[in-house]
Amino acid sequence: QVQLVESGGGLVQAGGSLRLSCAASGRTRNSWTMAWFRQAPGKEREFVAHIRGNVGTTAYADSVKGRFTISGDNAKTTVYLQMNSLIPEDTAVYYCALNTFPYSSSTAVKDIDYWGQGTQVTVSS
């Protein structure tokens, strides 16, 4: 079993920054893909970014490209999401996620094997 615990959410004004962290515990492997998804009220959960195993390849949703950066430590037990130039549309619960298919490039919710509990990010205008 794997546990994911997020931290770092909060309230920020538009144009500000936040950094989310996700710590993975349990029997992890450095070939797994760690990701961030988000879910706004009344909307479906959507992909934000992922980092693929220890090769470190990243991908981003178009809506956050150029503003958000995902990174992780070499052991891939911790992943970060640096969020800059935040806008009110970024307001959502952000979830850390783990896809155990080796080096998966999938951005689909259905391919996620483990979820964190979520952390609220609120951007005021």
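See the structure printed just above.
Values in this document were obtained by computation on a predicted structure and should not be read as measured data.

Asker: How do you make sense of the overall build of the protein when you look at a structure like this?
Answerer: Per the secondary structure count, the protein includes zero helices and eleven strands. Along its sequence from the N terminus, the protein presents helices and strands in the succession β-β-β-β-β-β-β-β-β-β-β. On C-alpha atoms alone, the protein measures out to a radius of gyration of 13 Å, which is about the 14 Å that the 2.2 N^0.38 rule sets for 125 residues. Counting only C-alpha atoms, the protein reaches 40 × 25 × 20 Å along its principal axes. A total of 125 residues make up the protein; the buried ones form 41% of that total.

Asker: Before we go on, may I ask you to explain the packing of aromatic side chains in this structure?
Answerer: Aromatic ring pairs are defined here through the distance separating the ring centres and the angle between the ring planes. In this structure the tally under the stated criterion is three aromatic pairs. Summarising the aromatic geometry, the rings of Phe-37 and Phe-47 are spaced 5.8 Å apart at their centres and angled 80° between planes, so their arrangement reads as edge-to-face. One end of the pair, Phe-37, is in strand E4 (residues 33-39); the other, Phe-47, is in strand E5 (residues 46-52), and ten residues separate them in sequence. With 5.2 Å between their ring centres and 70° between their planes, Phe-37 and Trp-115 make a pair best called edge-to-face.

Asker: Whenever I open this one, the pattern of salt bridges confuses me. Can you help?
Answerer: Note on pairing: side chains with opposite charge can pair once their charged atoms come close. Under the definition given, this model contains five salt bridges. A salt bridge links Lys-110 to Asp-111; the nearest nitrogen and oxygen atoms lie 3.2 Å apart. Judged by its relative accessible area of 71%, Lys-110 is exposed. When salt bridges with common partners are traced through the structure, they connect Arg-38, Glu-46, Arg-67 and Asp-90 into a single cluster.

Asker: I'm lost on the environment of Asp-111 in this one. Help?
Answerer: Inspection of the secondary structure puts Asp-111 in the loop between strand E9 (92-99) and strand E10 (114-115). Here the alpha-carbon distance between Asp-111 and Asn-30, two residues 81 residues apart in the chain, equals 17 Å. Polar contacts involving the side chain of Asp-111 include one to the side chain of Ser-106, which spans 2.5 Å. Side-chain polar atoms of Asp-111 contact the side chain of Lys-110, separated by 3.2 Å.

Asker: Help me understand unusual backbone geometry, please; the structure alone is not making it clear to me.
Answerer: For residues besides glycine, phi is generally negative; the peptide bonds are generally trans as well. Residues other than glycine seldom take positive phi values, yet Ser-85 does so here, at roughly 50°. Residue placement: Ser-85 occurs in the loop between strand E8 (78-83) and E9. In this structure Ser-85 comes out as partly exposed when scored by relative accessible area, which is 41%. Look at Tyr-103: it is not a glycine, yet its phi comes out positive at around 55°.

Basis of the calculations
Residues numbered from 1 in each chain as written. Predicted model: local features only at pLDDT ≥ 70, side-chain atom pairs only at ≥ 80, totals over all residues. Heavy atoms only, no water. Helix = DSSP H or I, 4+ residues; strand = E, 2+ residues; numbered from the N terminus. Rg over C-alpha atoms; globule rule 2.2 N^0.38 Å. Buried < 20%, exposed > 50% of the residue type's maximum accessible area, 1.4 Å probe, protein only. Phe/Tyr/Trp six-rings, centres within 6.5 Å; stacked < 30°, edge-to-face > 60°. Salt bridge = Lys/Arg side-chain N within 4 Å of Asp/Glu carboxyl O. Polar contact = N/O pair within 3.5 Å; in protein donor to acceptor, adjacent residues only side chain to side chain.

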